[in-house]
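Breakdown of the fold
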Amino acid sequence: MNIVARIANRLGRRWGIRPFSWAAPCSLEEVGGDHLNLFDRIHDLNYWGSEESVSGGGSTHGRTAEYAKLLSRLIEQRQIRSMFDAPCGDLNWIGNVIDATGVSYSGGDVSERAIDIALQRRPGADVRLFDIRHDAFPDADIWHCRDCLFHLSFDDGLAALRNFANSKIDWALITTNTARWMRNIDIATGGWRVLDLERAPFNLPSPELRLKDYPEKTEFPRYVALWRREAIAAALK
Ligand SMILES: C[S@@+](CC[C@H](N)C(=O)[O-])C[C@H]1O[C@@H](n2cnc3c(N)ncnc32)[C@H](O)[C@@H]1O
């Protein structure tokens, strides 16, 4: 992203405007039309630029410390026994939540690289290749989908929500950006922009609650919000 776009995005933050997106490092066509290859390429390039996690700066221990506490509290308060975490990324930080709560954990990611690293971090973890757009969700009390849909095109994001709506999981925690003036823009999958799931083309209802997932002074408002599966299914009809 060039310097002008960065400045415009920074200036717009206080009004909820972030007009410029990040492009993917390559198009889907260049990697044979395959999501697995696209996100493997992103991981091979360390395109999200973190030394600690191939999932990027948003998945470091420092950046997730507050959110991990909120998530652990929610798991305990709502007596959530099992969680399906997709995408699970490279499991850099979620282990703290698993260890703190004892929740029965399974995870999935479309990238083989991410799964390989995840298994190096937590040998024997129940993680697998999984595409949220069309693979059948396993049974669990909750689907955790942090920091993913804002990397997907509208069509892919909608496919993921429709796929979840056909699952047996009652609850979903999904990343959403919230601001007074936001308008969602479409991107090619693999890029990034802010995305408000309560606005078109998703139009989800207000969530049951939002877990704050951003440092206030430096980032655009970002939450991981809780919806019932039925509410998502009804909104997508
Ligand atoms: C920014 S990382 C977030 C990972 C993790 N949720 C976290 O909070 O650390 C985004 C992840 O989404 C994965 N991903 C992208 N499209 C996907 C899809 N259709 N199904 C499953 N995972 C996908 C990527 O491979 C990548 O690991």
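How each quantity is defined
Just so you know, the residues in each chain are numbered from 1, in the order the chain's sequence is written. Totals for whole chains, interfaces and linings use every residue, but because this is a predicted model, local features are given only for residues with pLDDT of at least 70 and side-chain atom pairs only at 80 or more, for both listing and counting. Working from all heavy atoms in the structure, the side-chain values ignore hydrogens and water. Residues are counted as near a molecule or strand when any one of their heavy atoms sits within 4 Å of it. Polar contact criterion, stated in full: a pair of N or O atoms within 3.5 Å, where within protein one must be able to donate a hydrogen and the other to accept it, and residues adjacent in sequence count only if both atoms are side-chain atoms. Surface accessibility in these figures is a Shrake-Rupley result with a 1.4 Å probe; residues are shielded only by whichever protein chains are displayed. All residues other than Ala, Val, Leu, Ile, Met, Phe, Trp, Tyr, Cys, Pro, Asp, Glu, Lys and Arg, Gly among them, are scored as polar; the first ten of these are nonpolar and the last four charged. Surface patches are defined over residues having more than 30% relative accessible area and no salt bridge, joining like charges when they lie within 9 Å and nonpolar side chains (Val, Leu, Ile, Met, Phe, Trp, Tyr) when within 5 Å. What counts as a salt bridge is simple: a side-chain nitrogen of Lys or Arg found within 4 Å of a carboxyl oxygen of Asp or Glu. Per the convention used, a helix needs a DSSP run of H or I reaching at least four residues, while a strand needs a run of E reaching at least two, with both numbered from the N terminus. Only protein chains enter the area calculation, which uses a 1.4 Å probe; residues under 20% of their type maximum are buried, those over 50% are exposed, and those in between are partly exposed. Axes here mean lines fitted to C-alpha atoms, for a helix over just the part in contact, with angles spanning 0 to 180 degrees between N-to-C directions. Roughly parallel here means an angle under 35 degrees, roughly antiparallel means over 145, roughly perpendicular means 65 to 115, and every remaining angle is called oblique. Definitions for this section: a left-handed crossing has its near helix turned counterclockwise from the far helix by less than a right angle. A right-handed crossing has that turn clockwise. Residue contacts are defined here by distance: any two heavy atoms, one from each residue, within 4.5 Å place the two residues in contact.

Looking at the ligand, there are 21 residues lining it, with Ser-59, Pro-87, Asp-109, Asp-131 and Arg-146 nearest. At a separation of 2.6 Å, an oxygen atom of the ligand approaches a polar side-chain atom of Ser-59. Relative to its free-state accessible area of 600 Å², the ligand is covered by the protein chains to the extent of 98%. Its residues assigned to classes, the shell around the ligand shows ten nonpolar, six polar and five charged.

What follows is about a nonpolar patch on the surface. On the surface, a cluster of nonpolar side chains totalling about 420 Å² of accessible area is made up of Ile-3, Val-4, Ile-7 and Leu-11. Its place among the elements puts Leu-11 in helix α1 (residues 3-12). Among the residues examined, Leu-11 registers a relative accessible area of 57% and is labelled exposed.

The interhelical angle for the contact between helix α6 (residues 154-165) and helix α7 (residues 229-236), taken along N-to-C directions, is 125 degrees, at an axis separation of 9 Å. On the basis of the axis angle, α6 is oblique to α7. In this structure, α6 crosses over α7, and the sense of that crossing is left-handed. Counting all contacts with α6, which are made through Leu-158, Leu-161, Arg-162, Phe-164 and Ala-165, the residues of α7 involved are Arg-229, Ile-232, Ala-233 and Leu-236. The residue makeup of the contact of α6 with α7, split by class, is seven nonpolar, no polar and two charged.

Purely geometric numbers; function is a separate question.
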